[in-house]
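Next come the chains, spelled out residue by residue.
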Amino acid sequence: MNLLLLYLLLLKASVTSFSGLGSLPMVRNDFVVERQVLTDHQLNMAVVAGRTGPGPNGLYLVCVAYAAGGFPGAVLGFLALVTPAFLVIPLMRWLGKRADIPRVRSAIRGLLLASAGLLLSSSVPLTLDAFTGIFSAVLMTASFAVLTFTRIDSAWLMLGAAAAGLATLMFH
Amino acid sequence: MGMLGRELVDTRRWISSEKFDLAFALARVTPGTNIIAFCAAIGALICGLTGAVAAVVALTAPSAVLAVLIVQGFESWQGNRIAMAAIAGTVAAVAGMMWSTIWTILRPHVGGLTRNLQVVLIAGGGFLASWKFHVTPLPIIAAGTLIGFLWKDGERP
């Protein structure tokens, strides 16, 4: 895959999201649906890799970039991940004075809600890909509950899920 | 963020709690991953652009290297039954994590007829437009922002 295109696609996904996994709909649309560079399974694996280690949630972009473009891709994925963060510097000067304007807050709220709808649309096929039977459904539900209602770090959740996956081998 | 607050505001007194709060608030409306923007803001407040770059690199580079190593591990374990069982467990957990993320985004916006209506129309509309009609994300995000801008009655009283 062309590396400049890879960087621009990931930058677009990163710039148009407001949370770590918020870029997932754009990434899935560009890499799985439109260009078919990755499968849903590979995208799932990239998200898993990004969440297994420590660090920010958006790290999965680096894993997506590595899967699509090798090491040079990973470097560009890293740059696409961190580039939007520097927008906060001019934003501190400009929006710092306007953050309390109701219409600005309301526009940001609309943006967040649209992002949630998009994330919902991306989560359905990825969930179907991850579903392999009752056991995976139980793990999904438990993962949802743990992350929503407790403050347990997601890295511990990943380790627990891996251990649960290993435990299933004992029953086969 | 709590740990950074204690270290930078209380212990070292490198920035005031007001500036720390401003960085936190603006990081939430900065595109991309909030925590990276937060560290860039804190770094910029302390040492300017150099501080921002140093903070972002320190936060992300080691984790990014580790994440790539994990992907490589996944690739080389493809034929290993034990490793694949562990990976299948984590993939299922990630699916649950996505639903948790959706709930975390939506939860602060739920409550009151108008706010609930906005959630249903903007988030539900975004979902339908993408899922059913295959509209690409950018127009959906633009539409959501525009609707939010024009329909500002959704503020929590």
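What counts, and where the lines are drawn
- Residues numbered from 1 in each chain as written.
- Chains lettered and ligands numbered in written order.
- Predicted model: local features only at pLDDT ≥ 70, side-chain atom pairs only at ≥ 80, totals over all residues.
- Helix = DSSP H or I, 4+ residues; strand = E, 2+ residues; numbered from the N terminus.
- Buried ≥ 20, exposed ≤ 12 C-beta atoms within 10 Å, placed from the backbone.
- Contact = placed C-beta atoms within 7 Å.
- Rg over C-alpha atoms; globule rule 2.2 N^0.38 Å.
- Expected span 1.5 Å × (residues − 1).
- Bend = angle between axes of the 7 residues up to and from the residue.
- Nonpolar A, V, L, I, M, F, W, Y, C, P; charged D, E, K, R; others polar.
- Core = buried A, V, L, I, M, F, W, Y, C linked by C-beta atoms within 7 Å.
- Axes fitted to C-alpha atoms, helices over the stretch in contact; angles between N-to-C directions.
- Parallel < 35°, antiparallel > 145°, perpendicular 65-115°, else oblique.
- Left-handed = near helix turned anticlockwise from the far one by under 90°.

Caption draft 1: Representation of the overall build of chain A in the model. In terms of regular secondary structure, chain A is built from eight helices and zero strands. Starting at the N terminus, the α and β elements of chain A follow one another as α-α-α-α-α-α-α-α. Principal axes of the C-alpha set define a box for chain A whose edges measure 60 × 40 × 25 Å. Across the 172 residues in chain A, those meeting the buried criterion constitute 58%. The contacts in chain A between residues at least 6 apart in sequence include a share of 55% that link residues at least 24 apart.

Caption draft 2: Structural context of the overall build of chain B. The helix and strand inventory of chain B stands at six helices and zero strands. Traced from its N-terminal end to its C-terminal end, chain B shows the element sequence α-α-α-α-α-α. Taken against the 2.2 N^0.38 rule, which gives 15 Å for 157 residues, the C-alpha radius of gyration of chain B at 21 Å runs more than 25% over that of a compact globule. With respect to the three principal axes, the spread of C-alpha positions in chain B is 55 × 45 × 25 Å. Considering chain B as a whole, with its 157 residues, one finds that 43% of them fall into the buried category. Contacts in chain B between residues at least 24 apart in sequence constitute 22% of all its contacts with a sequence separation of at least 6.

Caption draft 3: How the structure looks around helix α4 (residues 60-82) of chain A. Residue and element names in this part refer to chain A. With 23 residues, α4 ought to run about 33 Å at 1.5 Å a step, yet its terminal C-alpha atoms sit only 12 Å apart, falling short of that. Considering bend angle alone, the principal kink of α4 is centred on Gly69 and spans about 145°; proline Pro72 follows within four residues of it. Where burial is concerned, most of α4 is hidden: 18 out of the 23 residues are buried.

Caption draft 4: The arrangement of the interface of chain A and chain B in detail. Taken residue by residue, the interface counts 90 residues in chain A and 75 residues in chain B. Put simply, the parts of the chain that give the side of chain A that touches chain B at least two residues each are α1 (3-15), α2 (24-34), α3 (40-52), α4, α5 (88-94), α6 (102-130), α7 (134-149) and α8 (154-171) of chain A. In terms of residue count, α6 of chain A provides more of the side of chain A that touches chain B than any other element does, 24 residues in total. Taken together, the residues of the side of chain A that touches chain B break down into 57 nonpolar, 29 polar and four charged.

Caption draft 5: Region of interest: the nonpolar core. Ranked by internal contacts, the top residues of the largest apolar core, which has 108 residues, are Val62, Cys63 and Val64 of chain A together with Ala40 and Ala41 of chain B. Sequence-distant contacts of Ala41 of chain B, defined by excluding residues within four places in its chain, comprise Val88 and Met92 of chain A together with Ala23, Leu26 and Ala27 of chain B.

Caption draft 6: Local environment of the packing of α1 of chain A against α2 of chain A. Residues and elements named next belong to chain A. Put simply, α1 and α2 touch, their axes get as near as 8 Å, and they point 155° apart. Regarding the angle of α1 to α2, the classification is roughly antiparallel. For the pair α1 and α2, the crossing hand works out as right-handed. Across the interface between the two elements, Leu9, Lys12 and Ala13 of α1 pack against Met26, Val27 and Asp30 of α2. Of the residues assigned to the contact of α1 with α2, the class counts are four nonpolar, no polar and two charged.

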